[in-house]
Amino acid sequence: AAAVLDDARKRHPRDAEVWLAVGELALFRGETVAARAALATVLDIDSGHADAWFARGSMETERENVRAGRAALAAALAARPAFPRALAERGTLETLAGDFPAARNFYEQALAAAPDDYVALTGRGILRLKTGDSRGALADFLRAGVIEPRFGRAWLYSAAAFHQLGETRRARQALDQAAQLDPRDPLPHVLLALMAADALDLGAAADAARAAQERMPFLKSLNQVLNNQKGSANVGSALAAFGMEDWARHYATAAYSPWWAGSHLFLADRQAGGYNKNSELFKGFITDPTVFGASPRRSSLVPAPGHHGRIDLFVEQADWKQDALIGTANGMATTPLPLAYFVSGDLSAGHSRLTADASDGANLTLGLGLRPDHALGIFAFGTDTRIRGRLRGTTLPDDPLAIDDSRLDLGANIKLDADNQLWFKGGMGRQSALVGGTIVAAPFGLIPLDRFLSRAEQSDVQFRHAFALANGIGVSWGYEDSKQEKPAYLDVQATPAIKLAIAEVTDLRSRDAYLVARAPLAERLQGELGVFAQRASAGQVAVTRVNGVGAPTSQPRSFDETHWRGGLRWQFAPQSALAAVGQKWRRPAAVGSLAPIDTLGIAVNDRLTTNGGLYSRGRIQVDHEATATTFVHGFVDRESIVNLTSPATAVVPDLQLTQLENLRNRRDAFSAQPELEEAPQFLEGRVRSFGAAVNHRLTRDHTVALRYRRAQARQTGARDGLAIPYLSRDYLRLVSHWSLPQRWLVGTTATWRGERFRDEANADRLKAGWALGVTAYWESADKRWIAQALLDNLRANRNASDDRATKLILRASYLF
């Protein structure tokens, strides 16, 4: 066809039909730029060419560029009012946009004019699929397939209908047919990966993910693939589920799109620190707030209405033993408009196995997603936690403890186009801890503790705009304003005649504006450059009063800075890349950000910084898919950290938002594990490190992964030369995973950590040693019952792990 058309263009350079055929061939090949150019030539020759407007409308429909698609299809219908295929395509566009009444109207018109119009039948089937009528949808898809067996869209969506009806074999056959009809389309392989992961056939899921990744340059849109709270539609998900974290991260980075929720939600699991994790979660939930409605049991492949529930019994035992009962309900309705909800409640009780400390707690988490229009998504999140306990240690011999934690966030997403979107977010949170009773304080002995109260209050307002320009250039800009205040009060009756009152208030306000651009610089070379204007003001006021007498002291600080981030990424093979980045960043007062947290897929290291801290880095990283079964990762890194506070200079830690992750389906098996046992708390330091990792598939159902990191991590400033807490010189982790028959998953780990310290004074030493672990996961064929057991820290030296005791986790779940 290409040869014939090349000859025809030479013979007839101004023939509209020739250029229309050129455009349609480019569309079939997935060559969007060439297709746009050819169709523009047709319309330049004949501005009223209905078929050219229809072809352009079909292209925009597949990419879900709703406004452009509506305009093109309206022009096609204006040029030819009785145009059944244009009516059908307009109905399909409205179906994808969520305007179901308008879609039905267009399908009725199209089928009244041409009852055998396969585009209209397929579109009506998609509409029925999205409103929960799987059987009616399948009937439409099969009829369309009989009329036009080569229409790939009908085969693609019929697979979702078959899967929802439990006919997995026929669903796979339909996807195989769709893949044959459009060999460059990654979507059939994405759906095959989702189906295989549903069946716990992780080997088949990994194979399908690799096939999808090869075709990602020809992707039209992933928005109609069902997303869930974990971003499982991401091509990296199948690899991560099988323990191949580095491979999965590389795939997710290569296919990253700021306009697709699946990118953010999947990458959230790849982040070790809370700030980065919350940033990706907020972006994912705001981009697609209907993810709350996804079934925790089985993927429906495309969004569909339904209501789901889950009950978990959970036991965890290490240095602290905890039992919990967790209930979750979520779902989605599509009429009168798409509305998703999520509600989860936890009841727990625990006690220390090292002391007599004990507590119980309750947590409520709510999520709401609303899409009143295709162009508008609304997100709401709220959580409330209450913990009551008793402290029975050497310093606090018998003191009641009350911890209260609450949070509310609202967000919105406006789609000006598929690759031109706005995000807005505002939130506030409060956390408080109150202790009373008695305290052992030298030289007074046991004295009354009237109160020790610490609070952390945080609020933020954030905005981001991300859009695509010609030639693959992506631009993001935005503004964020956040603040945090942390007061602490201690009141004791030191002697009958002496009343001691200590108060400290630490506050931080940050205002950040940024502009980031990512662009192809050559055929295989990509560059990124970002500028961040950051202004921060921090203060600490402390006062000690004896019998009401005392004067406050203050330490105000302010920063007005411009920081740059940038890098280059060279793709030296189809699935291999070499990247070099430089980053400088002052951490804001917020718990997360809408701004980019990475440079070319390499995220800033938020685990080494506290709020207001300054972070600098230079990193070179290589990711190489050596064979179909082996992936290699390596890096050289240099980091510098200057924090504003440390445990020695601040009584109250930064407010952390950990409950946002409760909105997700709970992680069950083979989840990513951070290198550091805890986030280090220190004032300033430098880290020089290098490392390598290998992910390898020994067989279709057995994988191994190895990661090694060597670091020189030293504090600077007042504690110059001391080690940075929790960062050992050597770290080695060996992981092996099996996907077994009868829906079993089994994994083993062996982790070596060199000598390290818990504290910045290097007084609390952890010895070098091994920690071994094993995990087993099973689910029933109907996916209603789940059981999981995890043992970690086995055979470790008692003083070689942050937890002295063996860690045991048991979970039993019922889904309905």
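Above this text you will find the structure in question.
Residues numbered from 1 in each chain as written. Predicted model: local features only at pLDDT ≥ 70, side-chain atom pairs only at ≥ 80, totals over all residues. Heavy atoms only, no water.

Draft legend 1. Just the overall build of the protein chain, in detail. A count of helical and extended segments in the protein chain gives 17 helices and 27 strands. Over its C-alpha atoms, taken along the principal directions, the protein chain stretches across nearly 100 × 55 × 50 Å. Out of the 816 residues belonging to the protein chain, those deemed buried represent 54%. Carbon and sulfur atoms form 58% of the exposed surface of the protein chain, whose accessible area is close to 33,400 Å². Across the protein chain, the centroid of the 96 positively charged side chains sits 2 Å from that of the 89 negatively charged ones. (Helix = DSSP H or I, 4+ residues; strand = E, 2+ residues; numbered from the N terminus. Buried < 20%, exposed > 50% of the residue type's maximum accessible area, 1.4 Å probe, protein only. Areas by Shrake-Rupley, 256 points an atom, 1.4 Å probe, with all protein chains shown as cover. Lys, Arg positive; Asp, Glu negative; His and termini not counted. Charge placed at Lys NZ, Arg CZ, Asp CG, Glu CD.)

Draft legend 2. Molecular detail of the environment of S344. Note that S344 resides in strand 3 (residues 339-352). Among the polar contacts made by the side chain of S344, one reaches the side chain of T328 at a distance of 3.4 Å. (Polar contact = N/O pair within 3.5 Å; in protein donor to acceptor, adjacent residues only side chain to side chain.)

Draft legend 3. Fine view of the nonpolar core. If you look at the biggest cluster of nonpolar residues, it comprises 40 residues, and the most contacted ones within it are L20, V42, F54, A76, F83 and A86. Contributions of two or more residues to this core are made by helix 1 (2-11), helix 2 (16-29), helix 3 (32-45), helix 4 (50-62), helix 5 (66-79), helix 6 (84-97), helix 7 (100-113) and helix 8 (118-130). Apart from residues lying up to four places away in sequence, L20 is in contact with L39, V42, H49, D51, A52 and A55. Counting residues in each nonpolar core, the second largest holds 26 residues, with L265, A340, L594 and L655 among its members. (Core = buried A, V, L, I, M, F, W, Y, C linked by side-chain atoms within 4.5 Å. Contact = heavy atoms within 4.5 Å.)

Draft legend 4. Focus on the packing of aromatic side chains. Applying the stated criterion across every chain yields a total of 17 aromatic pairs. Ring centres 4.7 Å apart and planes at 45 degrees place the aromatic pair W785 and Y814 in the tilted group. Placement of W785 in strand 26 (residues 785-794) and of Y814 in strand 27 (residues 807-815) is noted, with a sequence separation of 29 residues between them. A relative accessible area of 29% means that Y814 is categorised as partly exposed. With centroids separated by 5.8 Å and ring planes inclined at 25 degrees, the aromatic side chains of Y814 and F816 adopt a geometry described as stacked. Every member of this aromatic cluster is reached through a ring pair, and the members are F282, F285, F292 and F379. Across from the ring centre of W423, 5.5 Å away, lies the NZ or CZ of R464, which sits over that ring. The positively charged end of R619 is found above the aromatic ring belonging to F635, 4.3 Å away from the centroid. (Phe/Tyr/Trp six-rings, centres within 6.5 Å; stacked < 30°, edge-to-face > 60°. Lys NZ or Arg CZ within 6 Å of the ring centre and 35° of its normal.)

Draft legend 5. Focus on the environment of V622. Mapped onto the secondary structure, V622 falls in strand 17 (residues 614-627). Non-local contacts of V622, meaning those with residues more than four positions away in its chain, are made with F572, A577, L578, V632, H633 and G634.

Draft legend 6. View of helix 17 (residues 274-287). Over its 14 residues, helix 17 extends 20 Å from the first C-alpha to the last, a length consistent with the 20 Å expected when each residue adds 1.5 Å. Most of helix 17 is tucked away: 13 of the 14 residues are buried. (Expected span 1.5 Å × (residues − 1).)

Draft legend 7. Here's a closer look at the pairing of strand 26. The sheet contact formed by strand 25 (residues 769-779) and strand 26 spans 7 bridges and is antiparallel. Residue L772 lies in a different strand from strand 26, and its bridge partner there is L794. A loop of 5 residues connects strand 25 with strand 26, the two strands running antiparallel in sequence, and K783 in this loop sits at a positive phi of about 60 degrees. Relative to strand 27, strand 26 runs antiparallel, the two being bridged by 8 bridges. Of the residues in strand 27, the one forming a bridge with I786 is S813. (Pairing = 2+ DSSP bridges.)

Draft legend 8. Looking closely at the pattern of salt bridges. What the rule picks out here adds up to 59 salt bridges. With a closest N to O distance of 2.2 Å, D246 and R707 form a salt bridge. Taken together, the residues span a long stretch of sequence, with D246 in helix 15 (residues 245-254) and R707 in strand 20 (residues 702-715) at a distance of 461 residues. Here D246 falls in the buried class, since its relative accessible area comes to 10%. Classification of R707 by relative accessible area gives partly exposed; the value is 21%. One continuous salt-bridge network, built from bridges that share partners, spans D246, E675, R707 and R709. (Salt bridge = Lys/Arg side-chain N within 4 Å of Asp/Glu carboxyl O.)

Draft legend 9. Here's a closer look at the environment of A120. By secondary structure assignment, the location of A120 is in helix 8. Given a relative accessible area of 0%, A120 falls into the buried group. If near-sequence neighbours (up to four positions away) are discounted, A120 is found in contact with A88, Y107, A110 and L111.

Draft legend 10. Geometry of unusual backbone geometry. For the peptide bond that leads from T335 to P336, omega is 0 degrees, which places it in the cis range. Along the polypeptide, P336 turns up in the loop between strand 2 (320-333) and strand 3. Its identity as a non-glycine residue notwithstanding, N471 has a phi of 65 degrees, on the positive side. Here N471 is to be found in the loop between strand 8 (445-468) and strand 9 (474-495). Judged by relative accessible area, N471 falls into the exposed class, the value being 69%. The backbone phi angle of L600 is positive, close to 55 degrees, even though this residue is not glycine. By the element assignment, L600 lies in the loop between strand 15 (598-599) and strand 16 (602-603).

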